[in-house]
Every structure is written in structure tokens, then in C-alpha cells.
Amino acid sequence: MELDLRDYLRILRKRWLLISVIVCFATIAAGLLSVFVMKPVYEASTKIIVNGSSEQLGLTRLDLNSVNLDLRLIETYKEIIKTGAIMGKVAEEHPEFELSANQLIHLVQIRTVNNSQVMTLSVKHRDHRAAVDIVNAVSETFQREIPKIMTVDNVSILDRAEYMANPKPVSPNIPLNVAIGFIVSLLFAVGLVFLLEYLDDTLKTEQDVKQVLGLPVLAEITKIPEEQLIVKTEVQPLKKAEGARNSVSISDKAANHRS
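What you see is a predicted model, and the numbers here were worked out from it, not measured in a lab.

**Focus: the pairing of strand β1 (residues 42-50)**
Here's step 1: Pairing analysis gives eight bridges linking β1 to strand β3 (residues 118-125), with the strands arranged antiparallel. The residue of β3 that forms the bridge with Ala 44 is Val 123.
Here's step 2: In the sheet, β1 pairs with strand β4 (residues 155-159) via four bridges, with the strands oriented antiparallel. Within the sheet, the bridge partner assigned to Ile 49 lies in β4 and is Ser 156.

**Some words on the packing of helix α5 (residues 84-93) against helix α7 (residues 128-150)**
Here's step 1: Running from N to C, α5 and α7 point in directions that differ by 130°, and their axes come no closer than 9 Å. Judged on the interaxial angle alone, α7 and α5 are oblique. Crossing handedness for the pair α5 and α7: right-handed. Residue-level contacts link Ala 85, Ile 86, Met 87, Lys 89, Val 90 and Glu 93 of α5 to Ala 137, Val 138, Thr 141, Phe 142, Arg 144, Glu 145 and Ile 149 of α7.
Here's step 2: Of the residues in the contact of α5 with α7, the class split is eight nonpolar, one polar and four charged.

**Looking at the nonpolar core**
Here's step 1: Counting residues in each nonpolar core, the largest one holds 31 residues, and the members touching the most others are Tyr 77, Ile 81, Met 119, Leu 121, Val 138 and Phe 142.
Here's step 2: For this core, the element with the most residues is α7, which contributes eight residues.
Here's step 3: Beyond its immediate stretch of four places on either side in the chain, Ile 81 contacts Ile 86, Met 87, Ile 110, Met 119, Leu 121, Val 138 and Phe 142.

**Some words on a nonpolar patch on the surface**
Here's step 1: A cluster of nonpolar side chains, contributed by Ile 28, Leu 32, Leu 33, Val 35, Phe 36, Val 37, Met 38 and Ile 174, occupies part of the molecular surface with about 770 Å² of accessible area.
Here's step 2: Tallying contributions element by element places helix α2 (residues 16-37) first for the nonpolar patch, with six residues.
Here's step 3: Looking at where Ile 174 falls in the secondary structure, it is placed in helix α8 (residues 174-199).

**A short note on the packing of aromatic side chains**
Here's step 1: Enumeration over the complete set of coordinates arrives at two aromatic pairs.
Here's step 2: Both rings, one in Tyr 8 and one in Phe 194, keep their centres 5.4 Å apart while their planes meet at 80°; by these two values the pair is edge-to-face. Remark: Phe 194 occurs in helix α8 and Tyr 8 occurs in helix α1 (residues 5-14); sequence separation between them is 186 residues.
Here's step 3: What makes Tyr 8 partly exposed here is its relative accessible area of 36%.
Here's step 4: Note on Tyr 77 and Phe 142: the rings are 5.6 Å apart at their centroids and 75° apart in plane angle, and the pair reads as edge-to-face. On the criterion of sequence distance, the pair formed by Tyr 77 in helix α4 (residues 64-81) and Phe 142 in helix α7 is long-range, its members being 65 residues apart.

**Remarks on the sheet that holds β4**
Here's step 1: What the four strands build is an open sheet, ordered β2-β3-β1-β4; its pairing is antiparallel. A strand with exactly one partner marks an edge of an open sheet, and here the two such strands are β2 (108-112) and β4. Adjacent strand axes in the sheet meet at a mean angle of 30° when their direction is disregarded.
Here's step 2: In terms of strand pairing, β2 meets β3 through five bridges, oriented antiparallel. Residue pairing in the sheet places Gln 109 in a bridge with Ser 122 of β3.

**Points about the pattern of salt bridges**
Here's step 1: Taken as a whole and judged by the stated rule, the model has eight salt bridges.
Here's step 2: Between Glu 145 and Arg 144 there is a salt bridge; the shortest N-O distance is 3.5 Å.
Here's step 3: The class of Arg 144 is partly exposed, set by a relative accessible area of 37%.
Here's step 4: Beyond isolated ion pairs, a larger network of salt bridges with shared partners links Glu 93, Arg 144, Glu 145 and Lys 148.

**What to know about the environment of His 106**
Here's step 1: Among the secondary structure elements, His 106 is positioned in helix α6 (residues 101-107).
Here's step 2: Sequence separation between His 106 and Lys 82 is 24 residues; the distance between their C-alpha atoms is 8.3 Å.

Conventions used here
- Residues numbered from 1 in each chain as written.
- Predicted model: local features only at pLDDT ≥ 70, side-chain atom pairs only at ≥ 80, totals over all residues.
- Heavy atoms only, no water.
- Pairing = 2+ DSSP bridges.
- Helix = DSSP H or I, 4+ residues; strand = E, 2+ residues; numbered from the N terminus.
- Axes fitted to C-alpha atoms, helices over the stretch in contact; angles between N-to-C directions.
- Parallel < 35°, antiparallel > 145°, perpendicular 65-115°, else oblique.
- Left-handed = near helix turned anticlockwise from the far one by under 90°.
- Contact = heavy atoms within 4.5 Å.
- Nonpolar A, V, L, I, M, F, W, Y, C, P; charged D, E, K, R; others polar.
- Core = buried A, V, L, I, M, F, W, Y, C linked by side-chain atoms within 4.5 Å.
- Buried < 20%, exposed > 50% of the residue type's maximum accessible area, 1.4 Å probe, protein only.
- Patch = residues over 30% accessible without salt bridge, like charges linked within 9 Å, V, L, I, M, F, W, Y side chains within 5 Å.
- Areas by Shrake-Rupley, 256 points an atom, 1.4 Å probe, with all protein chains shown as cover.
- Salt bridge = Lys/Arg side-chain N within 4 Å of Asp/Glu carboxyl O.
- Phe/Tyr/Trp six-rings, centres within 6.5 Å; stacked < 30°, edge-to-face > 60°.

Have a look at this one:
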């Protein structure tokens, strides 16, 4: 059965209460889960610059070739950081982290910008101070170990992570979670409403009869409310009693007249 836009609007108006209940419940649940169930996650980051070696900086001026070389080295350095040569040292020198080299490899994220000599190392952790300590330890270990691995000294730490008095968590994002819960629940509720309408094959209105059967409606049998049926059953005995009293009074008058 084909439906036009007015039919869709009619279906939504008919089941607006169901849609409202589902959307409100899901939105409130998303907010409560974000506030009371999901644990906050903090992020700390450091910035590392890859430039010419110290000897080169002291003797000659940096040219375009040296900058291009440093840019190509960044991709290599990103892979070196994610190896046991660096993370194993961090795990060995900082047992207080209680993390293995593999865990550190998955914990540390590295970001770079195209044509930039700066790398950003970031760590997300449920403890803000632990995130700061881990990312600083990885940066310092990488700066110390890279000359031994690549025989070059062209890595400097631009910005170290610092402790914050009132750190703001990066997760959960409560407004985003609430918005996602609202949108997803709305789509689910609308889909559920149309599914229920599709599965409902009963004929409720005169228009339904014309659309499905193609026949005109000759008459309709209305449904009588239950309270009206009760009133009618109470009225009929009263009428019968009044009729009986009237017949008795008439017969009494006739008997007196004959006497």
C-alpha cells in the first residue's frame, strides 16, 4: 500500500507518545551513563622537534635539503618510538608505571602535521598524573636513545607535559553522548513506529476500507461505551416498576367504583 506524506505524518502523530517515551528514556540514560558510570580519561602530551644536528647548527646554515631530510626522518622516528628499543627502556626504568613495553606501545599516540618538523606524543590515562609521567618519560627516553640508534642528534623536546591543578577529562564527552543518544533513539523510535504500522493489518477507518477493499462503506456500527450500557440496564427495571404500580392503582380504583 502506497503512502503519501500526509499518511506518514498521520502515523507519527498517532504514535507520538511512544516516540517521546523512547527518546526521553534513551537521552536521559545516555546522560546518566556519561556522568555516573563512565570513568573520566585524561590526556597529556609533549612536542618534539626534529631539526639539524648540533654540530651542523653551529657550523652552517640550515638549507632546504636538511629540512627535507628531517621531514623524512620523522616517519622513521615514529616507527622507532613504537618499538621495544624505546618502550622497553621506559618500562625498565619506570617500574612504578606497572606497564609492559607492549602496553606502552598501544598507550602512546603520535601525531604529525604535513610538512612540519614537530611530533606530538600523547597519552590517555584515567589518572592525570600518570599520563603526564608516562608521556614525559617516553619523550626523554627517545631523545636520549635516538643518537645511539641513528648516530644523529637532531631531536629536541619543545614542550613537556605538566601537572594541572584542575585537569579537564577528554572523555566522556557528555554533550556529545547525549546528542548521539537523542539522534539514535529518535531514528530507532521512528523506525519502530513505521514497523508497527506495517505489521498492523486491521481496518480502522472508512478510508482503510476503500484503500484495501476498493468498496464503498454502506453503514457503520458504532461502539457503545460501557457506562451507557449500565445506565440503560438500570433504567429499564425502574420503568417496569413504575408500570406495575400504575396498573395496581388503576385496578384498585376500578374495584372501588364497582363496590
